[in-house]
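The primary structure of each chain is shown beneath.
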There are 2 protein chains.
Amino acid sequence: MDLYDAIKGRRDIRSYFKSDPILDEVLAKILLAAHLAPSVGYSQPWNFIIIRDENIKRKVKEEVERQRLRYRELLDEDRRKLFDTIKIEGIMEAPINIAVTCDPSRFGPHVLGRITMPETCNYSTVLAIENLWLAARAENLGMGWVSFLDKNKIKEILGIPSNVEFIAYLTLGYVTKFPERPELEEKGWNYRLPLSEVVFEDRWGNKPNEKLLEKLNSAKI
Amino acid sequence: MDLYDAIKGRRDIRSYFKSDPILDEVLAKILLAAHLAPSVGYSQPWNFIIIRDENIKRKVKEEVERQRLRYRELLDEDRRKLFDTIKIEGIMEAPINIAVTCDPSRFGPHVLGRITMPETCNYSTVLAIENLWLAARAENLGMGWVSFLDKNKIKEILGIPSNVEFIAYLTLGYVTKFPERPELEEKGWNYRLPLSEVVFEDRWGNKPNEKLLEKLNSAKI
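Here's what I pulled together on the structure shown here. Here the structure is a predicted model, which means the values were calculated and not measured. (Residues numbered from 1 in each chain as written. Chains lettered and ligands numbered in written order. Predicted model: local features only at pLDDT ≥ 70, side-chain atom pairs only at ≥ 80, totals over all residues. Heavy atoms only, no water.)

## Observations concerning helix α2 (residues 24–35) of chain B
Residue and element names in this part refer to chain B. Heads up, the condition is: Only DSSP runs of H or I with at least four residues qualify as helices, and only runs of E with at least two residues qualify as strands; both kinds are numbered from the N terminus onward. Expected helix span is taken as 1.5 Å per residue step, with the number of steps being one fewer than the number of residues. Here the term buried applies to any residue with accessible area under 20% of the maximum for its type, exposed to any over 50%, and partly exposed to those in between, with areas from a 1.4 Å probe on protein chains only.
Taking 1.5 Å of rise per residue, twelve residues should cover 16 Å, and α2 covers 16 Å from first to last C-alpha, within 8% of that figure. Counting buried positions over the twelve residues of α2 gives ten, a clear majority of the element. Taken together, the buried positions of α2 are Asp24, Val26, Leu27, Ala28, Ile30, Leu31, Leu32, Ala33, Ala34 and His35.

Structure representation (structure tokens):
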């Protein structure tokens, strides 16, 4: 699949999972795409826990539901009504869940380029997750990132050691459709910011020059 | 460009930058690819500061050099000799530098899915950086991520407000080549881990089953 088509067509999937199994060969391919991501000092700090066990999935789902209700309480009435129409996870429907972690001890304490910004260890793992997401799209697999959860609770469920960082809980499966637009845009939760509003020149707050601005406003991939 | 070719051919570039200018049209295109990344609660928290000013680049380079020397002191003699052969940044050679930030205040305090894991704000920005990196590769542009720096020093140089997170300092330009293998592998700094070693099943530490293991060991993209 063309890179730009994968980027444009990728969605955060919660609603459209099918139970069709994923071949090990396809799973291995998208994990390899993730593993080829850049990492600080070439430290490759990631691990991927492939979860198919229904009991484990159910425990995670219960934790997510607890956190969903907590969040719901923070919203005003209008926003809460809208939130109730939004499905936030497809844990049980997706045939595979993947927990992604970051091990800061890999390749010793002095990883090149990490001392000044220790968070680049976690960031490296996140770069791998985007590769995984795009590769999944190229294989017609939908993926969703579920973050309504207490990290320590998930670490306990999955037996993740205390020195290893929990980064993400992902759901993966074939889908009935990839929606045209992100669900949170379709439902009117948020809107897409104009590209030109997130670009500055040379210093924070400096608007781009006229020529670049025009290209930002007409950019297409 | 095919997604898998972009993933395989992407490199962290420090040594091979050419001074050839980058058209605004091309720059806008890869920034759009970044802007189409997923983000927690669709919050799109990123900003991209496009830096061409030589004085600003020089100030950043001086800071990076300070941090390079600090790191060098931590290494034993053999490792230090090897480190001295590794170029860690191409700040002045790359025609464009890009500072990437994350604004946690965007779309209000209650971003959907962020309360339990506030770091997903920064993580969203990192997902956008991987899109940018792959799109750059598709446009034959090399990119390097420079992390030998004190974040606060860079925020000061670029006038980034205190509540906005500094995430990454990137260098971008056309290149004389994309090396076959990562430079840190070529130089013998680190080696590529086997994919099967970073994958577990259902729980931390559980090796994948035989069938999946075989596919992981023979995976190709």
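Still more ground to cover, so stick around.
## Here we look at the relation of the copies chain A and chain B
Heads up, the condition is: Our superposition of the copies is a least-squares fit, built on the C-alpha atoms of residues whose pLDDT is at least 70 in both. We call two residues in contact whenever any of their non-hydrogen atoms come within 4.5 Å of each other.
For the match of chain A to chain B, the screw axis carries a shift of 0.0 Å, the RMSD comes to 0.0 Å, and the turn is 180°. Here the two chains are linked by the operation of a two-fold rotation axis. A share of 100% of the interface residues of chain A reappears at the interface of chain B, consistent with the copies meeting face to face through the same patch.

## Side note on the sheet that holds strand β1 (residues 46–51) of chain B
Put simply, the rule is: A pair of strands is labelled paired if DSSP reports no fewer than 2 bridges between them. Axes here mean lines fitted to C-alpha atoms, for a helix over just the part in contact, with angles spanning 0 to 180 degrees between N-to-C directions.
Ordered by their spatial adjacency, five strands build an open sheet running β5(A)-β1(B)-β2(B)-β4(B)-β3(B), and the pairing between neighbours is mixed. The outermost strands of the open sheet, each flanked by one partner alone, are β5 (199–201) of chain A together with β3 (141–146) of chain B. The mean angle between the axes of side-by-side strands here comes to 25°, regardless of whether they run parallel or antiparallel. Of the pairings in the sheet, the one linking β1 of chain B to strand β2 (residues 96–102) of chain B comprises six bridges and is antiparallel in character. Following the sheet pairing, Trp46 of chain B is matched in β2 of chain B by Cys102 of chain B. Against the sheet, helix α5 (residues 120–138) of chain B engages β1, β2, β3 and β4 (165–174) of chain B, with an angle of about 0° to β4 of chain B.

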